[in-house]
Amino acid sequence: MEQIIEAVRGFDGALVVIPELGGDFPEFTWGSAFFSFAPDGQLPQNGQPYGTIVARNYPDDTASALDAPGRWRVNIHVDRATFRELTGEEPRSLTRPRDHSAADCVMPHPVYGALGWLAVVNPGERTTDTVVQLLRGAHDAARARFARRRS
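What you see is a predicted model, and the numbers here were worked out from it, not measured in a lab. (Residues numbered from 1 in each chain as written. Predicted model: local features only at pLDDT ≥ 70, side-chain atom pairs only at ≥ 80, totals over all residues. Heavy atoms only, no water.)

Enquirer: Would you mind going over a nonpolar patch on the surface with me for this structure?
Expert: On the surface, a nonpolar cluster with roughly 250 Å² of combined accessible area is contributed by V111, Y112 and L115. The residue L115 is located in the loop between β5 (107-108) and β6 (117-121) in this model. (Patch = residues over 30% accessible without salt bridge, like charges linked within 9 Å, V, L, I, M, F, W, Y side chains within 5 Å. Areas by Shrake-Rupley, 256 points an atom, 1.4 Å probe, with all protein chains shown as cover. Salt bridge = Lys/Arg side-chain N within 4 Å of Asp/Glu carboxyl O. Helix = DSSP H or I, 4+ residues; strand = E, 2+ residues; numbered from the N terminus.)

Dropping the structure here:
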């Protein structure tokens, strides 16, 4: 997890937010990480992060079995072509059954796959490089959206 967080921190304009005990974020987010493009260092007030790491189940998201010790999941928003290339399906037409608790596999997010989100539980030897490349692409896309909004 730390390796991925550090890689994202190295992206120009990246903001990594890690909610902690006693902060302003809900308890179920403590220990998670949220990745945004924010060249001013301020959490964007409109829009979602382009990537996250979650360290436990969320109330509506339990398919990855993240409450077990040592389990966590990286979530990345990608474009349709990348989604199709890595999953073999269109985001809004997901039909294949998947084991969302499988580790070190790129697959549609168990809740937000239809919106173009990919997920990897415990990235390892097979997927860590891919995860960092996908996060770089998501970061670059967020930077481009930021630039379009500014112009």
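Text resumes after the structure shown.
Enquirer: It is not clear to me how the sheet that holds strand β1 (residues 14-17) should be interpreted in this structure. Could you clarify?
Expert: As a general point, the strands of a sheet are linked pairwise by backbone hydrogen bonds and lie either parallel or antiparallel. If you walk across this open sheet you meet the six strands as β1-β2-β3-β4-β6-β5, and the pairing is antiparallel. If you trace the sheet from one side to the other, it starts and ends with β1 and β5, each paired once. Examined bridge by bridge, β1 and strand β2 (residues 33-37) share four bridges and lie antiparallel to one another. Across the sheet, residue V16 finds its bridge partner in β2, namely F35. (Pairing = 2+ DSSP bridges.)

Enquirer: Before we go on, may I ask you to explain unusual backbone geometry in this structure?
Expert: Excluding glycine, most residues fall at negative phi; most peptide bonds, likewise, are trans. The phi torsion at A65 lies on the positive side, around 55°, for a residue other than glycine. Structurally, the position occupied by A65 is in the loop between β3 (51-54) and β4 (73-77). Judged by relative accessible area, which is 34%, A65 ranks as partly exposed. Despite not being glycine, N122 has its phi angle at roughly 45°, a positive value. By the secondary structure assignment, N122 is in the loop between β6 and α3 (128-150). (Buried < 20%, exposed > 50% of the residue type's maximum accessible area, 1.4 Å probe, protein only.)

Enquirer: I tried to follow the environment of A144 on my own but got confused; where do I start?
Expert: Here A144 lies in helix α3. Residues A144 and A114 lie 30 residues apart in sequence; the distance between their C-alpha atoms is 22 Å.

Enquirer: Explain the packing of aromatic side chains to me, please; I cannot follow it from the model alone.
Expert: Centre-to-centre distance and the angle between the planes together describe a pair of aromatic rings. By the definition in use, this model includes two aromatic pairs. Aromatic side chains F28 and Y58 sit 4.7 Å apart centroid to centroid with 75° between the ring planes, which places their arrangement in the edge-to-face category. Of this pair, F28 sits in the loop between β1 and β2 while Y58 sits in the loop between β3 and β4, and the two are 30 residues apart along the sequence. On the accessibility criterion, Y58 (17% relative accessible area) is buried. Judged by centre distance (5.2 Å) and plane angle (70°), the ring pair of F37 and F146 falls under edge-to-face. (Phe/Tyr/Trp six-rings, centres within 6.5 Å; stacked < 30°, edge-to-face > 60°.)

Enquirer: Looking at this structure, I do not really get helix α1 (residues 2-9). What am I missing?
Expert: Each turn of an α-helix holds 3.6 residues, which means side chains three or four residues apart point in the same direction. Among the residues making up α1, those that are buried are I4, I5 and V8. Seen end-on, α1 carries its buried residues on one side only, within an arc spanning 100°. (Arc of directions from axis to C-beta.)

Enquirer: Before we go on, may I ask you to explain the nonpolar core in this structure?
Expert: F35, Y50, I53, V74, I76 and L135 are the most contacted members of the largest nonpolar core, which totals 22 residues. Elements represented by at least two residues in this core include exactly α1, β2, β4, β6 and α3. Sorting elements by how many residues they give to this core places α3 first, with five residues. Counting residues in hydrophobic clusters, the runner-up holds eight residues, among them V17, F34, A38 and V54. (Core = buried A, V, L, I, M, F, W, Y, C linked by side-chain atoms within 4.5 Å.)

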